[in-house]
Amino acid sequence: MHSDLILGTTLAAAALAYVFKPKKPKTELEASSVTVPVIPTYLPLQLDGVLHYILTTLSGKDEMEFLRNITNRFGNTINFRGFNRDFIIVLDPSSIQHILAKNQPNYEKGPELQAIFHEFLGSGIFNADGETWKTQRQIARPHFQTSEFKDAALINRHVDLLIKAIDKQMAANPGKPIEVQSIFCRFTLDEATEFLFGETVHALKEENSEFATSFNYAQAITAWRFRVPLWRYLLPKKRLLKEIKNLEEFVYKIIDNAMAREKVRVEEKERTPGSEKEEKGKGHATLLDHFLAEQEEHNFTREYLRDMLLNFLLAGRDTTASLLTWTMWHLSQRPDVVDKLKKEILDVVGPTAVPGYDDIKKLKYQKQVVNEVLRLCPPVPFNIRQSVEEDVLPNGYYIPPGTPVSYSAYSTHRLPDLWGEDALEFNPDRWGPERVGSIKPFMFVPFHAGPRICLGQNLAYTTAQVTLTRLLQHYDIKASPGFQPQNLGDIVLFSRNGVEVLIEKKSIAA
Ligand code: HEM
């Protein structure tokens, strides 16, 4: 009893000290700039605001629209303070440019975000700053040059399997709508594992593949921590660690095999002098091979390579699945757009030819459609950085040091001031030659921007466009009556209830 009283008093005293802690005097920079407006709350520690947000996420409401409503009410630069901790959100393109490009070194991933992702992603590219990030980016870059996937053979091989999986579902449930989100997630998992590791996990074939289940779980828990950082301390970790171990078993097997292969290659090189002149990174089939080619210089550990592979998988898999899913949703609502797409495919690729990179480059209208999907449904709807030093945004607002600063592609892409009165409408024509000039840099940031711009951007467009071309050569896509998707604003923008569309087998030439 006595010890409870002491503990209770200590905690209460600590809480009071935190709430009423004396304010630091303003720095010179702070005094000469504007304070970001704080969203009004009424309880100490902004408990009402924090609870409102937590209840919004728990009740399954649309967090992206929640945020958009707040910024509509309080402005494009706001401080969503909780527990006396600042959390700044910026929407205007010049602030986004400042954070992602002009003063990028001052806006890191930072220790708080890294702690949220730590168990799953370790020190991989997605979760690293400084030299660790730079090294991974430099070594990985050659694997993402378009020459690596120009014939789109790997993508097309997986699209063959995707079409088979769709046909199978249609045969099992004739005339019924198909939930495409989960199929696309399995498709992109297969494609990405082969592109990155050289080995696919066969998620399309085996609906409940162990790797896919573990990956989905680890990602879902990490996403909860991302949305409500408090969960990091409250959610049990036992299952998370078990699922991560499953992933590691699979990944370590690939790493060990690749390391053995690389050892043989190095020994052979030593036996045949002169072959070391070969260009670094050239001729390496997988991303892992690119890293192992640098092994002598960097001495990467198995753990480092595990982090690297899981990070690339996280970065590339769901994002592309999200893009394909929302594309199908918008097409199901717009038969006029489907008709135009089909006409273009017939003219450029033909009714049955398998498209390569050069073909899809000619599909101009299709690219407009994909961009319009990326605008309204950016796969990464919300992104966070943390300031290192204090700073001032181009619009005069003060950023304290060590503060989370976020931008939301979802909200910026929907601002009528930037996109016009039809900002909320799906209109691929806004990307046509007459209007595209009004789209200024940093208004459209689905792939991030600046030094940390998405490495897989070209691969993502190619995968999405090849897949879309092949699907429209085979099928007609129509609305599933009464179905409405519900945004799930996780790390990746998905629909809480999947996306149902009616798919009919129909030759494009018919
Ligand atoms: C439609 C598909 C995609 C979208 C919308 C997308 C979007 C993004 C965004 C917004 C970021 C910045 C994340 C951050 O720094 O917080 C990013 C980074 C990254 N993306 Fe993508 N991505 C897509 C597909 C891919 C693919 C297919 C790959 C590779 C397989 C990939 C690899 C990466 C990597 C490695 C980074 C980290 C870059 C760095 O920090 O330097 N992405 N992506």
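Because the structure is predicted, anything quoted here is derived from the model rather than measured.

Residues in close proximity to the ligand total 25 residues, the closest being Lys-109, Trp-133, Arg-137, Arg-385 and Cys-454. Arg-385 is positioned such that a nitrogen or oxygen atom in its side chain is 2.8 Å from an oxygen atom of the ligand. Contact between the ligand and Arg-452: an oxygen atom at 2.9 Å from a side-chain N or O atom of the residue. If you map the ligand onto the pockets, it falls in the largest cavity. Of all the secondary-structure elements, those providing two or more residues to the shell around the ligand are α7 (130–140), α15 (302–333), β5 (383–387) and α21 (457–474).

So, about the UniProt feature "binding site: heme" (unreviewed entry) in the protein. UniProt records the feature "binding site: heme" (unreviewed entry) at Cys-454, using the numbering of this structure. Setting aside residues no more than four positions away along its own chain, Cys-454 makes contact with Phe-447 and His-448.

Once that is clear, we can look at the sheet that holds strand β9 (residues 475–479). The strands that make up a sheet pair up through hydrogen bonds in the backbone, lying either parallel or antiparallel. A sheet is described by the order of its strands in space; here three strands give the open sequence β4-β12-β9, paired in antiparallel fashion. The open sheet has two edge strands, β4 (178–179) and β9, and neither has a second partner. In the sheet, β9 pairs with strand β12 (residues 500–505) via five bridges, with the strands oriented antiparallel. Its bridge partner being in β12, Tyr-475 is matched across the sheet by Lys-505. Taken strand by strand, helix α8 (residues 153–172) contacts β4, β9 and β12, and its axis lies near 95° from that of β12.

Tallying each qualifying case throughout the model produces 31 salt bridges. Measuring nitrogen to oxygen at the nearest pair gives 3.0 Å for the salt bridge that ties Glu-372 to Arg-430. With Glu-372 in helix α18 (residues 364–376) and Arg-430 in the loop between α20 (416–419) and α21, this pair connects stretches of sequence that are 58 residues apart. Residue Glu-372 is classed as buried on the basis of its relative accessible area, which comes to 0%. Via salt bridges that share partners, Lys-342, Asp-476, Lys-478, Glu-504 and Lys-506 belong to a single interconnected network.

Cut-off values and rules
Counting from 1, residues in each chain are numbered in the order their sequence is written. Where totals are concerned, whole chains, interfaces and linings use all residues; where local detail is concerned, this predicted model gives features only for residues with pLDDT of at least 70, and gives and counts side-chain atom pairs only at 80 or more. Only hydrogens and water are set aside; all other atoms, that is, all heavy atoms of the structure, feed into the side-chain values. One heavy atom within 4 Å of a molecule or strand is enough for the residue carrying it to be called near that molecule or strand. As used in this structure description, the phrase polar contact means that two N or O atoms lie within 3.5 Å; if the pair is within protein, one of them must be able to donate a hydrogen and the other to accept it, and residues adjacent in sequence are counted only when both atoms belong to side chains. Site definitions follow a grid-based scheme: protein atoms alone, a 1 Å grid, a 1.4 Å probe that fits but cannot get out for cavities, and for pockets an open set with protein on both sides within 12 Å along at least five of seven lines, plus lining residues having an atom within 4 Å of a point. If over half the atoms of a molecule are within 2 Å of the grid points of a cavity or pocket, the molecule is regarded as sitting in it. Numbering of helices and strands starts at the N terminus; helices are DSSP runs of H or I of at least 4 residues and strands are runs of E of at least 2. UniProt positions are given in the numbering used here, feature names are shortened, and annotations may be inferred rather than shown by experiment. Contact criterion: two residues are considered in contact whenever any of their non-hydrogen atoms come within 4.5 Å of each other. For two strands to be treated as a pair, DSSP must find no fewer than two bridges joining them. Whenever a helix is involved, its axis is fitted only over the stretch in contact; in every case the axis is a line through C-alpha atoms, and angles between N-to-C directions fall within 0 to 180 degrees. The salt bridge definition used is simple: a Lys or Arg side-chain nitrogen within 4 Å of an Asp or Glu carboxyl oxygen. In this scheme, a residue with accessible area under 20% of its type's maximum is buried, one over 50% is exposed, and one in between is partly exposed, where area comes from a 1.4 Å probe on protein chains only.

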